[in-house]
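# Structural overview for review
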Amino acid sequence: MTSKILKGLALSVLLASCSADENVGLAKGVGDNAGNAVYMGNKNASGVISVLASDTEGATFSVTPRLAVATDKDVQVTVEVDAATLAAYNKANNLNVTAISPDDVVFTAEDGSQSKGKVTATIKAGEVLAVVPGKLVSLDTEKYPYGGRYAIPVKITHVGSGMKLLSSPTSTIISLDRKIKTSVLHVKNNTGDHGYSML
């Protein structure tokens with residue numbers, strides 16, 4: 001009973017505005033089920049997470065589209081790299097962060113298949129979220145030179161099974177903290193106690 005009450009309260013908070021107008025607080029043209037909705041599950045209110053990124057090895061991350069309440073059927077959710085999401089974030093926060101190209105981001109589907117920039121995941125019946133793994137292939141220094149700030153904006157662009165998509169949050173921004181290469185000076189003693197040469 002307590003569990004049902006808590007679930008009901010959670011749904012009420014997420015969809016409170018729907019009681020007056022079911023389209024308020026919902027993305028336009030997506031779904032027709034007013035009793036449930038999909039949104040992007042984020043660890044914080046900003047929707048921004050930071051990951052370390054290497055020039056050659058790239059970075060790994062994951063995003064988690066969620067349902068307000070578990071349903072008895074599978075729900076397909078499409079996520080993709082969306083530069084417009086980062087542009088809006090830059091404008092709202094007076095920033096100048098560059099979006100990573102969709103061609104440099106690989107998502108992995110449930111069956112292990114991989115696709116660049118976009119993937120459809122499934123929130124399985126009885127569950128409330130899907131974990132979508134992603135990888136930045138590399139942070140090529142010619143394409144993404146040092147001195148710039150870079151991020152991967154990932155947005156929910158489609159939901160299936162007649163579910164609605166909340167207008168917010170619908171995205172996660174993966175901020176890339178670049179690993180800086182450092183040079184180490186090795187010194188070798190070649191001539192006794194006081195003579196050294198640099199390698």
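Here is a short report on the structure shown in this document. Remember, predicted model here, so these are calculated numbers, not experimental data. (Residues numbered from 1 in each chain as written. Predicted model: local features only at pLDDT ≥ 70, side-chain atom pairs only at ≥ 80, totals over all residues. Heavy atoms only, no water.)

### Examining the nonpolar core
By size, the foremost hydrophobic cluster in this structure holds 34 residues, and its most contacted members are Ile 152 and Leu 176. Take this core: its biggest share by element is five residues, from strand E10 (residues 150-159). In this view, Leu 176 contacts Val 51, Ala 53, Ala 59, Ile 100, Leu 136, Leu 139, Tyr 150, Ala 151 and Ile 152; residues no more than four positions away in its chain are not counted. Counting residues in hydrophobic clusters, the runner-up holds five residues, among them Val 48, Val 97, Ala 151 and Ile 173. (Core = buried A, V, L, I, M, F, W, Y, C linked by side-chain atoms within 4.5 Å. Buried < 20%, exposed > 50% of the residue type's maximum accessible area, 1.4 Å probe, protein only. Helix = DSSP H or I, 4+ residues; strand = E, 2+ residues; numbered from the N terminus. Contact = heavy atoms within 4.5 Å.)

### Here we look at the packing of aromatic side chains
Evaluated as defined, the whole model comprises two aromatic pairs. Centre to centre, the rings of Phe 61 and Phe 107 are 6.2 Å apart; their planes meet at 85°, and the pair counts as edge-to-face. Placement of Phe 61 in strand E3 (residues 59-67) and of Phe 107 in strand E6 (residues 105-108) is noted, with a sequence separation of 46 residues between them. With respect to class, Phe 61 is no different from Phe 107; both count as buried. Taken together, a centroid distance of 5.4 Å and an interplanar angle of 75° make the contact between Tyr 144 and Tyr 150 edge-to-face. One Lys or Arg, Arg 178, reaches over the ring of Tyr 146 and ends 4.3 Å from the middle of that ring. (Phe/Tyr/Trp six-rings, centres within 6.5 Å; stacked < 30°, edge-to-face > 60°. Lys NZ or Arg CZ within 6 Å of the ring centre and 35° of its normal.)

### Side note on the pattern of salt bridges
Counted according to the given criterion, the structure contains two salt bridges. Between Arg 178 and Asp 55 there is a salt bridge whose closest N-O contact spans 2.8 Å. One end of the pair, Arg 178, is in strand E12 (residues 171-178); the other, Asp 55, is in the loop between strand E2 (48-53) and E3, and 123 residues separate them in sequence. Look at Asp 55 and you get buried, because its relative accessible area is 9%. (Salt bridge = Lys/Arg side-chain N within 4 Å of Asp/Glu carboxyl O.)

### Some thoughts on a negative patch on the surface
A cluster of acidic side chains, namely Asp 74, Glu 110, Asp 111 and Glu 127, defines a negative patch on the protein surface. Turning to its location among the elements, Glu 127 is positioned in the loop between strand E8 (118-123) and strand E9 (132-136). (Patch = residues over 30% accessible without salt bridge, like charges linked within 9 Å, V, L, I, M, F, W, Y side chains within 5 Å. Areas by Shrake-Rupley, 256 points an atom, 1.4 Å probe, with all protein chains shown as cover. Lys, Arg positive; Asp, Glu negative; His and termini not counted. Charge placed at Lys NZ, Arg CZ, Asp CG, Glu CD.)

### Some points on helix H2 (residues 83-93)
Buried within H2 are the following residues: Thr 85, Leu 86 and Asn 90. Axial view of H2: buried residues confined to an arc of 135°, hence all on one face. Looking at H2, the residues exposed on the side facing more than 90 degrees away from the buried face are Ala 84, Lys 91 and Ala 92. Summarising the contacts, the buried residues of H2 are in contact with strand E5 (98-99), E10 and E12. Phi for Asn 94, located one or two positions after H2, is positive at around 55°. (Arc of directions from axis to C-beta.)

### Points about the layout of surface pockets
Each pocket or cavity is described by its volume, and for the largest pocket that value is around 270 Å³. Only H2 and E12 provide two or more residues apiece to the lining of the largest pocket. The leading source of residues in the lining of the largest pocket is H2, at four residues. For the lining of the largest pocket, the residue count by class is six nonpolar, eight polar and two charged. Taken as a whole, the second largest pocket holds about 220 Å³ of empty space. Looking at the second largest pocket, it is lined by 17 residues, and the ones nearest its centre are Val 97, Arg 149, Tyr 150, Ser 175 and Leu 176. When residues of the lining of the second largest pocket are traced back to their parent elements, those giving at least two are H2, E10 and E12. The element best represented in the lining of the second largest pocket is E12, accounting for five residues. Its residues placed into classes, the lining of the second largest pocket shows eleven nonpolar, three polar and three charged. (1 Å grid on protein atoms, 1.4 Å probe; cavity = no way out; pocket = protein on both sides within 12 Å on 5 of 7 lines; lining within 4 Å. Points joined across faces, edges and corners; volume = space filled by probe spheres on them. Nonpolar A, V, L, I, M, F, W, Y, C, P; charged D, E, K, R; others polar.)

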